[in-house]
Amino acid sequence: MSDRPTHSSPTPELPSVRNTLRDTEALYTAITTATRGLTQSSLPLHPAQAHHPWPDFLVQALRRALLAWYADQGRVLPWRNIDDPYAIWVSEIMLQQTQVKTVLPYYQRWLAQFPTVETLAAADQQTILKAWEGLGYYARARNLHQAAQRMVSDHQGEVPRDFATLTTLPGIGKTTAGGILSSAFNLPHAILDGNVKRVLARLVALPVPPAKALKDLWQLSERLLDPVHPRDFNQALMDLGATLCTRRQPQCDRCPWQGHCQAYNRNSQSELPMSEAKGPLPHKQIGVAVIWGDRNQILIDRRKQEGLLGGLWEFPGGKIEPGETVEACIGREIQEELGIEVAVGDRLCTVTHAYSHFKVTLNVHHCTHLSGEPQPIECDEVRWVTLDTLDEFPFPKANSHIIDALRAYAAGQPTLDRGESVPPA
DNA sequence: CAGGCGTGGTG
DNA sequence: TCACCAAGCCT
């Protein structure tokens, strides 16, 4: 439970939410009151409230201070100081909602495997998803593939250099387009990623969650952008957010903008930016089948392109209905989705996993194929495979635990359990 | 336009 | 432990 101020709609039946709302109002009142009293360092509190524009001398001072800090303290990253718009584009996509440390090994492997737009466009999707396996948000990989094909067919195999064309490509929105254009071509396009939102929200002591002030934050990012050094300025702004102006324990004593930061001036940097109050994630119980066929083969299926984990392989199964046993669920789901009869046997393992918007418990059972030819009724493809060829298929993280348990089972070892199994109905 | 869409790190 | 968050985009 976070103690940070949050912004939420009134929910009368929940006292904690009422308190949260009161905190929000108190903070807003404190900030606006303090701002009215300020005569110096007169940054507008909130761009939309600011009838006066940010004066040039102030903007220039901010740019100079940030660029000087960046020249000295900026990070060294493999997608910087390179002349390869394709590689920069790949890095921008991988870095969406993903930390630098996580991206680094994927980025290096990706460029070795798909060194150019043409090689990426020509690859098949399964190969691409395998290279992306474990990175999450798999639509990014599917979109990267499609965009590469369009660059080849419509743009001479090159990354487009204008904002309008770039943003028509799948997976490239406003921030990614700005990142590519500024980083690859040093063109003056602003960005507004998580780092920049946090830095700017603190700079102006934004009294609402950034999501409620996107238009204003974009205007501010555009106003501050150095038109002469857009590449360095954007990178510097992100570095500031990633290394000093972090969400927790920001190092304000080392910040080049300390003297101009409204959050620091009020000592509210640890309270900002404000976050949206979100409820607990729903938890789903899933029955999963490891279906054994002839010659020690196992049945897996490829998920549909759209939606969760699109294009990845999995062990078939589905949601346990209220009052239903795991065994009954598995038998029903396999009949509905694959059109075959199985005998549901012993439990192999139980896996809990948290996605971005819900949690699951996978109740995995051994099954024996009885009759019928598997049909791809609610998936794109089904295939019998042996245990030692599972590596060739891209699987979601939750399924890798099942594979581990399967290998341990095949090796005659005791199985590993994670989470709680469903009580019998 | 709020919610769908992964995974690993963190306090 | 577990809720929250990290270089967002799409519908």
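Procedures and definitions
Residues numbered from 1 in each chain as written. Chains lettered and ligands numbered in written order. Predicted model: local features only at pLDDT ≥ 70, side-chain atom pairs only at ≥ 80, totals over all residues. Heavy atoms only, no water. Near = heavy atom within 4 Å. Polar contact = N/O pair within 3.5 Å; in protein donor to acceptor, adjacent residues only side chain to side chain. Helix = DSSP H or I, 4+ residues; strand = E, 2+ residues; numbered from the N terminus. Nonpolar A, V, L, I, M, F, W, Y, C, P; charged D, E, K, R; others polar. Expected span 1.5 Å × (residues − 1). Buried < 20%, exposed > 50% of the residue type's maximum accessible area, 1.4 Å probe, protein only. Contact = heavy atoms within 4.5 Å.

Caption draft 1: Spotlight on the protein's contact with DNA strand C. In the vicinity of DNA strand C, 26 residues are found, and the nearest of them are Leu95, Gly171, Thr176, Gly194 and Asn195. In the model, a base nitrogen of DNA strand C is placed 2.8 Å from a nitrogen or oxygen of the Trp79 side chain. Between DNA strand C and the protein, one listed contact pairs a phosphate oxygen with a backbone N or O atom of Gly171 at 2.5 Å. Every element with two or more residues in the surface near DNA strand C is listed here: α9 (174-185) and α10 (194-203). Its residues assigned to classes, the surface near DNA strand C shows eight nonpolar, ten polar and eight charged.

Caption draft 2: Examining the protein's contact with DNA strand B more closely. If you check the shell around DNA strand B, you find 19 residues, and the closest are Tyr137, Tyr138, Leu309, His357 and Lys397. Considering DNA strand B, the proportion of its atoms within 4 Å of the protein that are sugar or phosphate atoms stands at 66%. In the model, a base nitrogen of DNA strand B is placed 3.2 Å from a nitrogen or oxygen of the Gln97 main chain. Residue Tyr137 places a main-chain N or O atom 2.9 Å away from a sugar or linking oxygen belonging to DNA strand B.

Caption draft 3: Structural context of helix α15 (residues 397-410). In this model α15 runs 20 Å from its N-terminal to its C-terminal C-alpha over 14 residues, within 8% of the 20 Å that 1.5 Å per residue would give. All of the buried residues along α15 are Ala398, Asn399, His401, Ile402, Ile403, Ala405, Leu406 and Ala408. On its buried face, α15 sits against β3 (283-292), β4 (298-302), β5 (313-314), β7 (341-354) and β8 (359-371). Positive phi appears at Gly412, one or two residues downstream of α15, with a value of about 80°.

By themselves, these are just geometric observations and shouldn't be taken as functional.
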